[in-house]
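# Structure at a glance
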Amino acid sequence: MASTVFFFLFAGLAIASAISMVYHRNPLYGAISLVGVFISLSCIYITLAAPFIAAVQVLIYAGAIMVLVVFVIMLLNLDDDKPLDRLRYLYAVGGGLGVILLAQTFFIFYAVMKAPNHAADQSETVGNTLNLGSAMYTRYLLPVEIVGVMLLMAIIGAVILVRRLNQPQLELVVEQEHERRHEA
Amino acid sequence: MEPSLASYLGLSGILFTIGAVGVIFKRNAIGMFMCIELMLNAVNLTFVAFSRYYGDVNGQLFVFMVMSVAAAEAAVGLGIIIAFFRNSKSVDVDDASLMRN
Amino acid sequence: MESVIKTAFPFALFTVGVLIAFQMVLMIVAYTVLAERKVLGWIQGRIGPNRVGPWGVLQPFADLLKFIFKEDLVPDKSTKFVYFLAPLVALTCALMPMVVYPFAPAITTIDWSFLPFGLADGVKQLPLTIAHIDVGVLYVLGITSVGVYGIALAGWSSNNKYSLMGGLRSSAQMISYELAMGASVLGVVMLAGTLDLTGIISAQIRSPFRWYIIPQFIGFVVFLIAAFAETNRVPFDLPEAETELVAGFHTEYSALKFALFFMAEYVNMFTVSVMCTVLFLGGWYVPGLSHVFAPGSIPYALVSHIAFIGKICAFLFFYIWVRGTLPRFRFDQLMNFGWKFLLPVALINVILTIIIVYFLNR
């Protein structure tokens, strides 16, 4: 009974935030809605007995990746999204894709409901940190090391991509953007 | 109705659909990036639901890998967007057609 | 009827616990504000506020009344929704970690069979933590990361270049020092073997060092410095320096919204003081107290709780003392220090801890 209430509450919040993210043209409102989606999903992970993944979801997605996105939106001072005027056929493509994916979703829902139930024992938590840590450092050591190297590559790549030879200060960039705003 | 595996998969499918439609409808590069993150999260939800259903920890481990890859992709993707913005002063992907024709 | 009461009882307990903890946190925060003004006054050779009530003890309530009655300005071209959202996000994310704090040891000596409806079947102890989250440390670090949004959104939505610069600088500083804070916590987690805050205190009781500040002294110093930077306190308070940036990201906020930011800063201070106490000073554990009172009894819990609050107040005093003593860092010095010195030191601490734990477990 309580799990049903929690599931519908957080699922409703997640879907509402996702629709809000797609609807808003202002990228900052979209980013705030996406943070709402991430936090609702984190609560759903807790109801799925995955406490470590829930905490890591808030820490990494809501707390680091979206902060980066919000920073970029603020620094670049992005305007609202414009409607698709040159590529109007994309409305039909998007609508068609949405209908097809929704149909697939309902089919999966129906099929899994009707399928015979082979659920494992639901009383133990497999997602606790000890299990995950043991698996990560014994069976999956190579993927973890590869992920480490990949993150190093991403750091070096990001630094090189935005490097300029005469690097202006943060204050100068902000001032230029404010001038652009006030003269427009 | 107790939330069974089907409910979680249905929720994941709906979020994936919203993300996919958002990627097509958005002109802003950052908006498209955020819709892609939404799709990745829908897939993470599927993995965690299956991991709970089968009592297998590998699903959650893969979620961890997906999150790391998403973080790396965010860093590099936003770097590309900033570099692109410096040249053309706009992040509109429909206007980014310099190599066309 | 009986089953309804049985399902609602845990929620009622949680609600009561949260209300009591909330009241305690707010009182401590209010008197931290007063303590800051008085202690800063004593350091600077003057007396702090002493008009409202004896020794100024009613000053926080006078401040609260002043904030309620001030005029509520909203800047003209600001984004209204985000402008109203920012202080709410800051205060909510500051208050959320209080549900995992281990306030006192569990009380085991009360016989609960007087409760009707069989509510107390199988209950052996009264735990004095509101929520036992397995990943308590990660939860607190995650909520602190989300708290950065309050400041970034406040700076942006005020439509004021000083606010924007203050907000961006403060956010950049906070996300940089979060890494050093997380890395310094890793050493403690490795020694304790668990991420649960109550489990960390139990591990400290079992360990030969009693308090983890002794084996993890480098981690303690790194955590303390990172905590100063996380809460935007001197010497890292350039983003809200009164003489540099008007008032930084909360320039355009007045009355009750400013009071929310103000409270959020002090609740953040309280949060990192509690984390520092639990991780490095053993939380409520006083070595040798179990010889005086029986562990699990009410006097033991009471004295442990008072010791816990005493340790937190010592850290809050240290914060105020440093504010009255040190000058502030320039922003580029601050970022250099965080990335090029503090993070490598924290990582070296982790590596040393790994090596020592490995050889100790052989």
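Reading guide: rules and limits
- Residues numbered from 1 in each chain as written.
- Chains lettered and ligands numbered in written order.
- Predicted model: local features only at pLDDT ≥ 70, side-chain atom pairs only at ≥ 80, totals over all residues.
- Helix = DSSP H or I, 4+ residues; strand = E, 2+ residues; numbered from the N terminus.
- Expected span 1.5 Å × (residues − 1).
- Bend = angle between axes of the 7 residues up to and from the residue.
- Contact = placed C-beta atoms within 7 Å.
- pLDDT = per-residue confidence, 0-100.
- Nonpolar A, V, L, I, M, F, W, Y, C, P; charged D, E, K, R; others polar.
- Axes fitted to C-alpha atoms, helices over the stretch in contact; angles between N-to-C directions.
- Parallel < 35°, antiparallel > 145°, perpendicular 65-115°, else oblique.
- Left-handed = near helix turned anticlockwise from the far one by under 90°.
- Domains from an automatic or database assignment.
- Buried ≥ 20, exposed ≤ 12 C-beta atoms within 10 Å, placed from the backbone.

## Some remarks on helix 11 (residues 331–360) of chain C
Residue and element names in this part refer to chain C. For helix 11, built from 30 residues, the straight-helix expectation of 44 Å at 1.5 Å per residue is met to within 8% by its first-to-last C-alpha distance of 42 Å. At Gly338, helix 11 is deflected by roughly 35°, the largest bend along its length. On its buried side, helix 11 packs onto helix 6 (161–192) and helix 8 (217–230).

## Here's the deal with the interface of chain B and chain A
At the junction of the two partners, chain B supplies 63 residues and chain A supplies 72 residues. Every element with two or more residues in the side of chain B that touches chain A is listed here: helix 1 (5–25), helix 2 (29–54) and helix 3 (58–88) of chain B. For the side of chain B that touches chain A, the element with the highest residue contribution is helix 3 of chain B, accounting for 20 residues.

## Quick notes on the arrangement of the chains
Once contacts are tallied for each of the 2 pairs of chains in contact, the highest total is for chains A and B. Note that chain B does not reach chain C: the shortest distance linking a C-alpha of one to a C-alpha of the other is 14 Å.

## Section: the confidence of the model for chain C
For chain C, per-residue confidence averages 86 on the pLDDT scale, and residues scoring 70 or more make up 93% of the total. For this predicted complex, the interface confidence score (ipTM) comes to 0.91, while the overall pTM stands at 0.89.

## A word on the interface of chain C and chain A
Taken residue by residue, the interface counts 22 residues in chain C and 21 residues in chain A. Those elements that provide at least two residues to the side of chain C that touches chain A are helix 4 (136–146), helix 5 (148–157) and helix 6 of chain C. Its residues assigned to classes, the side of chain C that touches chain A comprises 16 nonpolar, 4 polar and 2 charged.

## Thoughts on the packing of helix 3 (residues 80–95) of chain C against helix 9 (residues 255–280) of chain C
All names here are of chain C. Direction vectors running N to C along helix 3 and helix 9 enclose 25°, while the axes themselves pass 8 Å from each other. Between helix 3 and helix 9, the angle falls in the class roughly parallel. Two packed elements cross with a definite hand, and for helix 3 against helix 9 that hand is left-handed. For the pair formed by helix 3 and helix 9, the contact residues are Pro87, Ala90, Leu91, Ala94 and Leu95 on the first element and Lys257, Leu260, Phe261, Met263, Ala264, Val267, Asn268 and Thr271 on the second.

## Some words on the environment of Leu128(C)
All names here are of chain C. Checked against the element boundaries, Leu128 lands in the loop between helix 3 and helix 4. Considering only alpha carbons, one finds Leu128 and Thr198, 70 residues apart in sequence, at a separation of 10 Å. Leaving out residues up to four positions away in the same chain, Leu128 has contacts with Phe103, Ala104, Pro105, Ala106 and Ala301.

## Observations regarding the domain arrangement of chain A
As far as domains go, chain A holds domain 1 (1–82) and domain 2 (140–184). Computed from C-alpha atoms alone, the centre-to-centre distance between domain 1 of chain A and domain 2 of chain A is 23 Å.

## Some words on unusual backbone geometry
A positive phi is found at Asn77(A), a non-glycine position, where the angle reads about 55°. With respect to the secondary-structure elements, Asn77(A) resides in the loop between helix 3 (51–76) and helix 4 (89–114). For Asn77(A), a count of 16 C-beta atoms within 10 Å translates into the label partly exposed. Even without a glycine there, the phi angle at Asn232(C) is positive, about 55°. Tracing the sequence through the fold places Asn232(C) in the loop between helix 8 and helix 9. By the C-beta count within 10 Å, which is 23 here, Asn232(C) ends up buried.

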